[in-house]
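Structural features, examined
Residue strings, one per chain:
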Amino acid sequence: MSGKILNYFAGGNTARGFYSLYDSSLQGLSRLFILKGGPGTGKSSLMKKIGNEWREKGYDVQFLHCSSDNKSIDGMLIPELNAGIVDGTAPHVIEPKAPGAVEEYVNLGDAWDSGKLQEHKGTILQLSEKISEAFNSAYSLFAEALRIHDEWEKIYIENMDFEKANALTNRLIESLFGDSTSTAGSGRMYDRFLGAATPVGAVDFVPNLTETVGKRYFIKGRPGSGKSTMLKKLAAEAESRGYDVEVYHCGFDPHSLDMVIVRELDFAIFDSTAPHEYFPERETDEIIDMYEELITPGTDEKYAAEIEDVGGRYKSKMNEAIASLADAKELRDQLEAIYIDAMNFAKVDEITAQIKKEFEGLSVN
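Now for a description of the structure that goes with this document. Starting from 1, residues in each chain are numbered consecutively following that chain's sequence as written. Local features in a predicted model are, by the rule used here, given only for residues with pLDDT of at least 70; side-chain atom pairs are given and counted only at 80 or more, and totals for whole chains, interfaces and linings are based on all residues. Computation of side-chain values: all heavy atoms of the structure, hydrogens and water removed.

Digging into the nonpolar core
Within the largest apolar cluster, 60 residues are counted, with the highest numbers of intra-cluster contacts made by F142, L172, F177, M230, L234, F252 and I269. Runs of E in the DSSP output that reach at least two residues are strands. Runs of H or I that reach at least four are helices, and both are numbered from the N terminus. The element that contributes the greatest number of residues to this core is helix α4 (residues 121-157), accounting for 15 residues. Throughout, a contact is declared for two residues whenever any of their heavy atoms are within 4.5 Å. When residues no more than four places from it in sequence are discounted, the contact partners of F177 are L234, E237, A238, R241, Y243, L265 and F267. Within the second largest apolar cluster, 28 residues are counted, among which are L29, I94, L209 and V213. Definition of nonpolar core: a set of buried residues of the types Ala, Val, Leu, Ile, Met, Phe, Trp, Tyr and Cys, connected through side-chain atoms within 4.5 Å. Buried residues are those whose accessible area, probed at 1.4 Å on protein chains only, stays under 20% of the maximum for their type, while exposed residues exceed 50% and partly exposed ones sit between those limits.

Side note on the side chain of S72
Following the sequence through the fold, S72 ends up in the loop between β5 (61-65) and β6 (73-78). For S72, a relative accessible area of 17% corresponds to the buried category. Setting aside its immediate chain neighbours within four residues, S72 contacts S44, K48, H65 and C66.

Topic: the pattern of salt bridges
In the sections that follow, a salt bridge refers to a side-chain nitrogen of Lys or Arg positioned within 4 Å of a carboxyl oxygen of Asp or Glu. One pass over the structure, following the stated rule, counts 20 salt bridges. K317 is paired through a salt bridge with E144; the nearest N and O atoms lie 3.1 Å apart. Of this pair, K317 sits in helix α10 (residues 304-341) while E144 sits in helix α4, and the two are 173 residues apart along the sequence. Between K215 and E286 there is a salt bridge; the shortest N-O distance is 3.0 Å. Taken as a pair, K215 in strand β12 (residues 215-220) and E286 in strand β16 (residues 286-289) lie far apart in primary sequence, 71 residues in all. Judged by relative accessible area, E286 falls into the partly exposed class, the value being 34%. Taken together, the salt bridges that share partners define one network made up of R31, E104 and E358.

Digging into the side chain of K220
For K220, the position within the fold is in strand β12. Buried charged residue K220 carries no salt bridge. Nearest counter-charge: E277, at 4.2 Å. What K220 contacts, discounting residues up to four positions off in sequence, is K227, S272, T273, E277, Y278, F279, I287, I288, D289, M290 and Y291. For this count, His and the chain ends are skipped, Lys and Arg are scored as positive, and Asp and Glu as negative.

Next up, the structure:
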């Protein structure tokens, strides 16, 4: 029987620039292969190939997706082997903590023809500069969108009953945890992204991440209605009781949270509003409506004009930012084509075979 694949992002294009959560995702591994090499050198294909082979063997696999190219992955982990592979090139540079003992560098640059690349040196430098400019433009536009979003939140924050918010959170804590504590007692927190802003728009993996969870809570509400604050309190409660907790940050503002999963207690609770809006499909699914519970009735109607204005400005900036990411992707595709043409993929296959051999050794130990 094949294992399951868990999909998520460990880095994102956010209003605070490129934001990395790789250290958390890679914590505790006993073996990590860090791939080096330019774009188009086969890093994503290598990781997918090895990951899918181990999945066919019955092992659960985690794919860490690339926020700048939703068809690529930036990492692959096999929890049962306590091992993984990660793309260690910018912007998610991985610094080894125990080089050789835990982390091993793998240089795919060994498989390229430097002479061919030198022929395109000017183009490579020019494309690299333009790609950087496109990303910086996207980050600047996301930052502007966040400032507008703060205006949007302010409307609801000023009309929220904070005593009711605290009471709701306390009721949830009692319902989800009761008097329980983890039998494992580890209390490890894994920080990730459930979705990301990509060149094709917002992409998320909520259905995959919650597929095997028995109880799902769909939080509905408006910007500033306390969704993230409640999730932070639930995550802290889970950790304090010794549970491993998956904490999924907002792909737009990583200082906010979008989802908390505690698999030992078989529940997931997440912000189910756009751009990751979902609705109950199972009998056990439950909606928590923050607007109905906490916000002064009639707020939407009273501030309809302001909400329409701020919502329109926010959407416009987000669309501009996504367009800049798309520009970066188009330029990066041109850069990848140069590297692909200079690659000896037979050599990449040899490197892949060597990593596979290392993984086989880990499964025996």
